[in-house]
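A structural walkthrough
Here is what each chain is made of, one letter per residue.
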Amino acid sequence: MTLLTRHQGALLVLMLNLFLVFSGIGLVIPIMPKFMDSLGITGGIIGLLIASFSLTQLLCSPLAGRLADSFGRKKMIVIGMLVFAVSEGLFGLASSSQLLFVSRMLGGISAAMIMPAVMAYAADITTPKERAAGMGYITASITTGFIIGPGIGGYIAEFGIRVPFYAAGAAGLFAACITLFILRESRRTQENISDTPSSIVERRGLFSQLRYAYREPYFFSLIIVFVMSFGLANYETIYGLFVDQKFGFQPKDIAFIITFGSIAGAVVQVTAFSWLLKRFGEQRVITLCLFFAGLFILLTLFVHQFWMIFAVTFIVFLAIDILRPAISTQLSMVAEDQQGYVAGLNSAFTSLGNIAGPIAAGFLLDLDVNYPYTLACLVLLICSGLSIRSKKRSLRVNHS
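The following refers to the structure shown. In this text the structure is predicted, and so the values were computed from the model without any measurement.

**Thoughts on the overall build of the chain**
Helix and strand content of the chain: 19 helices and zero strands. Considering the chain as a whole, with its 400 residues, one finds that 50% of them fall into the buried category. By sequence separation, contacts in the chain at least 24 residues apart represent 86% of the contacts at least 6 residues apart. About 18200 Å² of surface is accessible on the chain, with carbon and sulfur atoms providing 67% of the total.

This is the structure:
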């Protein structure tokens, strides 16, 4: 009996919740240029809005994870979905930047409540052999939400730029009700909660983990994670604003490009990602993806026709979609018995990049529409160079 057959109801409810959350995050991308114009807010405010979501999620995740252990997975998911619904509805109602910040910070809190609880629930109902498959289903729902979210936002916006947020809020309420009445509370096994050395390490506080990360042998890889996340968040944050200001793209145009690029990236992940890693190795794949992402972001500044913009964006998204799992795979290979601890550091350094990148992009956009992508290009190319240096260093260590 397969994992999906034995736990079909629970997994589907978990996947529905994450799908809705990440669709809600993604649907704002094609709408933001028009929303920005209607409220008269600057690129700097947009960057701070996006960063506030990531910052709130980063700060609240450790507490939310502990509450999921003591308070219960199901309760945390239901409350998190209710907070998500309020966040989306408030964003649609907002007529000032202050309310937008409140909405995004609530969104960060909801993501912090939902993600650890869902991951913990999936771990509770799976055996060690099933764990990878269970997490694969969960990750697929996140990826699908990111893929479909911008498309949904772009097309529903035809009925009004605030309608997608109301729709996301209603969907959040629906998912909270489904979770409340269908999902049973999970029961942890002794294996899940045993005090192994790695689990004790994972209980360190977030700031302690960051403070002592420099001592770890994979610290250089974590620096690459931060620089990569900074450059990619810089690129993604203002993509809709960039093509709107420079080429006059409408929400439907932006939604089409992002959705198609994301689908293509997901197809490559499913069909060719494993082959690429086996054929070239994690380090070479990471280096090449960083290089091509930086190069094609640079080319974005020089193309003008729709099909050329589409092609360049497609290559950037493809490089990003290969790069992210490659970095995670590389870190998991060196984590040994500290998988959770290293995954937490990976997430923390990614979040730090997701905070700094949008802020820099937003304020640079107010100076000149080309400045954010100039910075993103430089950061990713530098990161590619760091990756090459890291590879040479590891080779010297292995030969010595």
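Next comes the rest of the write-up.
**Re the environment of Leu 173**
Looking at the secondary structure, you find Leu 173 in helix 8 (residues 163–182). For Leu 173 and Met 81, which are 92 residues apart along the polypeptide, the C-alpha to C-alpha distance reads 6.9 Å. With residues near it in sequence (within four places) discarded, Leu 173 still touches Leu 82 and Ala 85.

**Looking at the packing of aromatic side chains**
As enumerated under the stated definition, the model contains 17 aromatic pairs in all. Look at Phe 91 and Phe 165: their rings are 4.7 Å apart centre to centre, the planes differ by 35 degrees, and that puts the pair in the tilted class. One end of the pair, Phe 91, is in helix 5 (residues 73–93); the other, Phe 165, is in helix 8, and 74 residues separate them in sequence. Note on Trp 275 and Phe 280: the rings are 6.1 Å apart at their centroids and 90 degrees apart in plane angle, and the pair reads as edge-to-face.

**Some words on the pattern of salt bridges**
For the structure shown, the criterion picks out one salt bridge. Across the pair Glu 88 and Arg 104 runs a salt bridge, and its minimum N-O distance is 3.3 Å. Of this pair, Glu 88 sits in helix 5 while Arg 104 sits in helix 6 (residues 97–124), placing them 16 residues apart in sequence. As far as the burial class goes, Glu 88 and Arg 104 line up, both buried.

**Details of the nonpolar core**
Taken as a class, soluble globular proteins show a tendency for nonpolar side chains to be buried jointly. Judged by nonpolar contacts, the single largest core of 72 residues is most densely connected at Tyr 235, Tyr 239, Leu 290, Ile 297, Leu 323, Ile 327 and Tyr 373. Residues contacting Leu 323, with those up to four places away along its chain left out, are Met 228, Leu 232, Ile 286, Cys 289 and Leu 290. Counting 30 residues, the second largest nonpolar core, distinct from the first, contains Val 13, Ile 77, Val 83 and Met 113.

**Details of helix 16 (residues 282–300)**
Over its 19 residues, helix 16 extends 27 Å from the first C-alpha to the last, a length consistent with the 27 Å expected when each residue adds 1.5 Å. Those residues of helix 16 that sit buried are Gln 283, Val 285, Ile 286, Thr 287, Cys 289, Leu 290, Ala 293, Gly 294, Phe 296, Ile 297 and Thr 300.

**Comments concerning the environment of Leu 16**
Mapping Leu 16 onto the fold places it in helix 2 (residues 8–26). By relative accessible area, which is 28% here, Leu 16 ends up partly exposed. Between the C-alpha atom of Leu 16 and that of Ala 175, which follows or precedes it by 159 residues, the distance is 7.1 Å.

**Some thoughts on helix 12 (residues 219–237)**
Taking 1.5 Å as the rise per residue, helix 12 with 19 residues should run 27 Å; its terminal C-alpha atoms sit 26 Å apart, in good agreement. In terms of burial, helix 12 is a largely internal element, 15 of the 19 residues being buried.

**Details of a nonpolar patch on the surface**
Judged by side-chain polarity, Leu 288, Phe 291, Phe 292, Leu 295, Leu 298, Leu 299, Phe 302 and Leu 381 come together as a nonpolar surface patch covering roughly 640 Å² of accessible area. Tracing the sequence through the fold places Leu 381 in helix 19 (residues 371–399). Residue Leu 381 is classed as partly exposed on the basis of its relative accessible area, which comes to 31%.

**A closer look at the packing of helix 5 against helix 6**
Put simply, helix 5 and helix 6 touch, their axes get as near as 8 Å, and they point 155 degrees apart. Comparing their axes, helix 6 and helix 5 come out roughly antiparallel. Regarding helix 5 and helix 6, the two cross each other, and that crossing is left-handed. Per-class residue counts for the contact of helix 5 with helix 6 are 19 nonpolar, five polar and four charged.

Reading the values: rules and limits
- Residues numbered from 1 in each chain as written.
- Predicted model: local features only at pLDDT ≥ 70, side-chain atom pairs only at ≥ 80, totals over all residues.
- Heavy atoms only, no water.
- Helix = DSSP H or I, 4+ residues; strand = E, 2+ residues; numbered from the N terminus.
- Buried < 20%, exposed > 50% of the residue type's maximum accessible area, 1.4 Å probe, protein only.
- Contact = heavy atoms within 4.5 Å.
- Areas by Shrake-Rupley, 256 points an atom, 1.4 Å probe, with all protein chains shown as cover.
- Phe/Tyr/Trp six-rings, centres within 6.5 Å; stacked < 30°, edge-to-face > 60°.
- Salt bridge = Lys/Arg side-chain N within 4 Å of Asp/Glu carboxyl O.
- Core = buried A, V, L, I, M, F, W, Y, C linked by side-chain atoms within 4.5 Å.
- Expected span 1.5 Å × (residues − 1).
- Patch = residues over 30% accessible without salt bridge, like charges linked within 9 Å, V, L, I, M, F, W, Y side chains within 5 Å.
- Axes fitted to C-alpha atoms, helices over the stretch in contact; angles between N-to-C directions.
- Parallel < 35°, antiparallel > 145°, perpendicular 65-115°, else oblique.
- Left-handed = near helix turned anticlockwise from the far one by under 90°.
- Nonpolar A, V, L, I, M, F, W, Y, C, P; charged D, E, K, R; others polar.

As far as function goes, none of this settles anything; it's purely spatial.
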